[in-house]
Amino acid sequence: MTAAPRLRPASDPVEGESELRTVATGPRIVAAPRIGARALLEGLVAQGVTTIFGYPGGATLPIYDVLREFPIHHVLTRHEQGAAHAADGWSRATGGVGVAMATSGPGAINLVTGLATAMMDSVPMVAITGNVARPFLGRDAFQETDIVGIAMPITKYAAIVMDPDEVPLAIAEAFAIATTGRPGPVLLDFPKDVLQAETSAPLPRPSDLRLPGLLRPVRGDVPEADELVELIASSERPLILAGHGVQIAGASDLLRAVAERAGIPVAHTLLGIGTLDETHPNSVGYAGMHGWMHANKALQHCDLLIGIGGRFDDRITGKTSTFAPHARIVHVDVDRSEIGKNVRTDLGIVADAGDLLTALLRRIPADDPPPARAAWWAQIAEWRQVSEARPWHGSGAWRDGRLSADFVVEQIGEATGHVATLVSDVGQNQMWAARYYGFRRPYAHLSSGGLGTMGYAVPAAMGAALAVPDRETWAITGDGGFQMTMQELGTIVQEQIPVRIAVLNNHKLGMIRQWQEIIYDENYHSSELFGPDLVRLGEAYGLAAFRATKPEEVAPAIAAARAQPGPALIDFHLDEAQNVYPMMLPGKGLSDMVEQARDEDVS
Amino acid sequence: MTAAPPAPSRATSSTSGSSAAAEPATQSRHVLSALVIDRPGTLNRIAGLFRARSFNIESLTVATTLEPGRSRMTIVVRGDEGHLRQVLAQLERLIEVLEVGDLTHAPHLELELALVELDVPRDEAARRAIDEAVARAGGHVADRSDDAWRLSFTGRPDDVESALEQIRAHGIRAIVRAGSVAMPLHIPS
């Protein structure tokens, strides 16, 4: 049964927060008059913003005119999409809120892909856009676009700020909306004359925020944990599926504790990777369309599936009617609208992942040894053995002197001790990165999981590296995605952002080609890809660039890139025939996976 | 545009457990009520959610409430019960939406307003016939101009429907319907 919503009703205002500004007690503090642009930046500084990724334009020039007065580092990207992904990478790497800024019209529209990417993956970020001055709104003025209208379905909230006196409050509300409950991107649009007009509106106090419609998860104990504990106790083959929400809640340690104490294996969604150290005995790794066979088999054979902080996306369920056929499904999510959306749910719990896991820990005795469930663990171990012995556990192509992506990613994993921040793009490179890096910690695997945005890796890695400069950061991308946003090499070099970029270059749109090979009867079209000489391209930008074409060149190239104090690029020329296996075909279920290429020896 | 007659109310007990994909599509009429923040963009956001799930909005009314800055919407849609439950949950999480619910399966009052423009009756007999039909249907003649008569009917959607049916023979030129407004009937416990 779906539990009653654990959401605070609108009529029950949060303590200390009144809806109306006028009821705030105490004398109103009036700020010294300053222009809207200064009020905006003051608001950002008050939210702890130190970096903005942006691109100036006519409508935002009033902001740039006063920007140097504020302790904010503005990173000039080469395209607004790069700014949006960089802000997203900043948010994912820190758990904070990245900020992107663009001018009206084309500038604002170029943010759209990044906003949608952040929305799908519940990433908090704030986008600031300029617009034409109020008298010109709706008159098709130069560089005018209704960006709020465009952004509505791809943001958690989007609004135009029409009153200079509303600027400080709007900024504070944007950050509250982006970070409260299920996080997401917020866009605020400022007409140019709002940025230029004077206002005495002060920085708002927390009690000034007017957000009665913002869902705030009820924090504290989760009574439904009683029922879940009973389900766990009576289960012979339980499995946790850890989603992005566990990491968003900062609850990876709690999840490990629950898994250990209750003796439950843990599979991971694409964005859940890193929740549990992959070498942890309870980890069964990454599941889904290109996930590990043993993880997928565990999903299909478990009798209790506890999904925490995930959406049961089609890339993990396949055909929902055949998904986890023997399992009672428990779905824990902070967003009630996710529960029952994609898969049948036997017990839905609307709660923050951390609260639910804490509630479970409280109810599972610490001193009792976990239930043995020996047969279940032995079964998973057996599947794992088979799965890892398959040719598609690493192609093995390197043994024949051919360069394969799995080998490259594994080598990067070993060189970086498996603890670097790895930002993948979309396609084959994304799956290879997810499967072969060997993640050991949360917040290490950044990827556009929901939207599948090609071109994400390089700018997002840029943001992640700037956000956590002492953490080694790699972008893993294909030659297709790289060419979509490679203009950001200019930003990376100008700012000397220490990102290592590994281009898994097979001169193809690899995943497109893989689908055409397997699903479209080798009818290849538009999947061959010309690209520039990436080493010379890197050098043209003043970027240290290396190339590896043979397995023995991989480790030296990685070492050379890591030895650079600043950014570096490696062009890995892959054997072009490699596909990602196993693979779940569209419309099929997890039990029906293509395990290897047709022409490979089936043993 | 004519509104479809209201579907017979369905006695569906709320099932335990939500089954997403397996649920058979049942297209039923739903009357939703939402308390929302009254500002530009609210209607757009709400309508956008229905559009994204390919729900056609049969009628939508919005007006202010006792509380300043709050509006009440009544939305009538036809669609699959399971999908609608999910849309409701998605509506609930909009910043602009303070509360939203499906009144369909709970006791509620639902009324609609229709305005009708008629040819001016040719003679006294026609005039009497219209007055009687209007009285029978609980409507009234709001305007007896020289160029046309204008009638108004207020009632439950099916009553309005039958009133329009009765008047149809008298030369209807135009109909404007307001769409439903609805409020729950609270049963004291």
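Concerning the overall build of chain B
Logical step 1: Check the secondary structure of chain B and you find 4 helices and 8 strands.
Logical step 2: Look at the contacts in chain B between residues 6 or more apart in sequence, and 75% of them connect residues 24 or more apart.

Some details on the sheet that holds strand β15 (residues 421-424) of chain A
Residue and element names in this part refer to chain A.
Logical step 1: Taken in spatial order, the 6 strands of this open sheet run β16-β15-β17-β18-β20-β19, and their pairing is parallel. Across the chains shown, the open sheet's two edge strands, defined by having one partner strand only, are β16 (445-446) and β19 (544-548).
Logical step 2: Across 4 bridges, β15 lies against strand β17 (residues 473-478) in parallel orientation. Of the residues in β17, the one forming a bridge with L422 is W474.

Quick word on the nonpolar core
Logical step 1: Within the largest apolar cluster, 207 residues are counted, with the highest numbers of intra-cluster contacts made by A:V99, A:A100, A:L305, A:L356, A:A461, A:A502 and A:I570.
Logical step 2: At 10 residues, helix α7 (residues 167-179) of chain A tops the list of elements feeding residues into this core.
Logical step 3: In contact with A:V99, not counting residues within four places along its chain, are A:L44, A:V49, A:I52, A:A87, A:M125, A:V126 and A:I128.
Logical step 4: Counting residues in hydrophobic clusters, the runner-up holds 12 residues, among them B:W149, B:L151, B:F153 and B:A163.

Describing the domain arrangement of chain A
All names here are of chain A.
Logical step 1: Taken as a whole, chain A is organised into domain 1 (28-208), domain 2 (225-385) and domain 3 (393-580).
Logical step 2: On a C-alpha basis, the centroid separation for the pair domain 1 and domain 2 is 38 Å.
Logical step 3: Residue-level contacts link 6 residues of domain 1 with 6 residues of domain 2.
Logical step 4: Taken together, the residues of the side of domain 1 that touches domain 2 break down into 1 nonpolar, 3 polar and 2 charged.

Regarding the domain arrangement of chain B
Residue and element names in this part refer to chain B.
Logical step 1: Entries for chain B in the domain assignment read domain 1 (28-105) and domain 2 (110-184).
Logical step 2: On a C-alpha basis, the centroid separation for the pair domain 1 and domain 2 is 29 Å.
Logical step 3: Taken together, the contact between domain 1 and domain 2 spans 8 residues of the former and 7 residues of the latter.
Logical step 4: It is strand β2 (residues 57-64) that contributes the most residues to the side of domain 1 that touches domain 2, 3 residues altogether.
Logical step 5: The class makeup of the residues in the side of domain 1 that touches domain 2 is 4 nonpolar, 4 polar and no charged.

So, the confidence of the model for chain B
Logical step 1: When the pLDDT values of chain B are averaged, the result is 85; 85% of them are 70 or greater.
Logical step 2: In the predicted complex, the global pTM is 0.91; the interface-specific ipTM is 0.85.

Quick look at the pairing of strand β3 (residues 70-80) of chain B
All names here are of chain B.
Logical step 1: Among the 11 residues in β3, 8 count as buried, and that is most of the element.
Logical step 2: The pairing of strand β1 (residues 27-37) with β3 spans 11 bridges and is classified as antiparallel. Each residue of the ladder has a partner; that of S33, found in β3, is T74.
Logical step 3: By the bridge criterion, 7 bridges tie β2 to β3 in an arrangement that is antiparallel. Residue pairing for β3: T61 is matched across the bridge by T74.
Logical step 4: Counted between consecutive antiparallel strands, the loop separating β2 from β3 contains 5 residues, among which G69 sits at a positive phi close to 80°.

Some remarks on unusual backbone geometry
Logical step 1: The omega torsion across A:Y581 and A:P582 is 0°, close enough to zero to call that bond cis.
Logical step 2: Here A:P582 shows up in the loop between β20 (568-573) and β21 (583-584).

Here's the deal with the environment of A:A116
Residues and elements named next belong to chain A.
Logical step 1: Structurally, A116 can be placed in helix α5 (residues 112-120).
Logical step 2: A116 gets classed as buried once you count the C-beta atoms within 10 Å, which come to 20.
Logical step 3: Spatially, the C-alpha atom of A116 lies 9.9 Å from that of K156, the residues being 40 residues apart in sequence.
Logical step 4: In this structure, A116 is in contact with I154 and L451, ignoring residues within four places of it in sequence.

Topic: the pairing of strand β5 (residues 108-118) of chain B
Residues and elements named next belong to chain B.
Logical step 1: Looking at chain direction, β5 and strand β8 (residues 172-184) are connected through 10 bridges and run antiparallel. Opposite L111, over in β8, you have V181 as the bridge partner.
Logical step 2: Of the strand pairs in this sheet, β5 and strand β7 (residues 149-155) are connected by 7 bridges, and their pairing is antiparallel. Looking at β7, one finds that L118 is bridged to W149.

A closer look at the packing of helix α12 (residues 293-301) of chain A against helix α15 (residues 374-389) of chain A
All names here are of chain A.
Logical step 1: One way to put it is that α12 packs onto α15 with a least axis distance of 8 Å and a crossing angle of 145°. Pair α12 / α15 crosses with right-handed handedness. The segment α12 lies against α15, with M293, H294, K297 and A298 engaging I380, W383, R384 and S387.
Logical step 2: For the contact of α12 with α15, the class distribution of residues is 4 nonpolar, 2 polar and 2 charged.

Topic: helix α18 (residues 457-467) of chain A
Logical step 1: Counting buried positions along α18(A) yields 11 of 11 residues, so the element is predominantly enclosed.
Logical step 2: Burial in α18(A) covers these residues: A:A457, A:V458, A:P459, A:A460, A:A461, A:M462, A:G463, A:A464, A:A465, A:L466 and A:A467.

Quick notes on the environment of A:E260
All names here are of chain A.
Logical step 1: The topology assignment puts E260 in helix α11 (residues 252-262).
Logical step 2: Of the residues examined, E260 has 15 C-beta atoms within 10 Å and is grouped as partly exposed.
Logical step 3: Sequence spacing of E260 and R547 is 287 residues, and the spatial spacing of their C-alpha atoms is 43 Å.
Logical step 4: Ignoring any residue separated from it by four or fewer positions in sequence, one finds E260 in contact with N282 and P370.

Some remarks on the sheet that holds β7(B)
Residue and element names in this part refer to chain B.
Logical step 1: Pairing in this open sheet of 4 strands is antiparallel, and the strands run β6-β7-β5-β8 from one edge to the other. Strands at the two margins of the open sheet, each flanked by one partner only, are β6 (140-144) and β8. Across the sheet, the axes of successive neighbouring strands diverge by a mean angle of 15°, strand direction being ignored.
Logical step 2: Sitting on the sheet, helix α4 (residues 157-167) is in contact with β5, β7 and β8, with an inclination near 20° to β5.

Quick notes on helix α14 (residues 353-363) of chain A
Residues and elements named next belong to chain A.
Logical step 1: Of all 11 residues that make up α14, 8 are buried, and the element is covered over most of its length.
Logical step 2: Along α14, the positions that sit buried rather than exposed are A353, G354, D355, L356, L357, T358, A359 and L360.
Logical step 3: As for α14, its buried residues are in contact with α9 (225-233), α10 (244-248), α11, β12 (304-308), β13 (328-333) and β14 (347-350).

Cut-off values and rules
- Residues numbered from 1 in each chain as written.
- Chains lettered and ligands numbered in written order.
- Predicted model: local features only at pLDDT ≥ 70, side-chain atom pairs only at ≥ 80, totals over all residues.
- Helix = DSSP H or I, 4+ residues; strand = E, 2+ residues; numbered from the N terminus.
- Contact = placed C-beta atoms within 7 Å.
- Pairing = 2+ DSSP bridges.
- Core = buried A, V, L, I, M, F, W, Y, C linked by C-beta atoms within 7 Å.
- Buried ≥ 20, exposed ≤ 12 C-beta atoms within 10 Å, placed from the backbone.
- Domains from an automatic or database assignment.
- Nonpolar A, V, L, I, M, F, W, Y, C, P; charged D, E, K, R; others polar.
- pLDDT = per-residue confidence, 0-100.
- Axes fitted to C-alpha atoms, helices over the stretch in contact; angles between N-to-C directions.
- Left-handed = near helix turned anticlockwise from the far one by under 90°.

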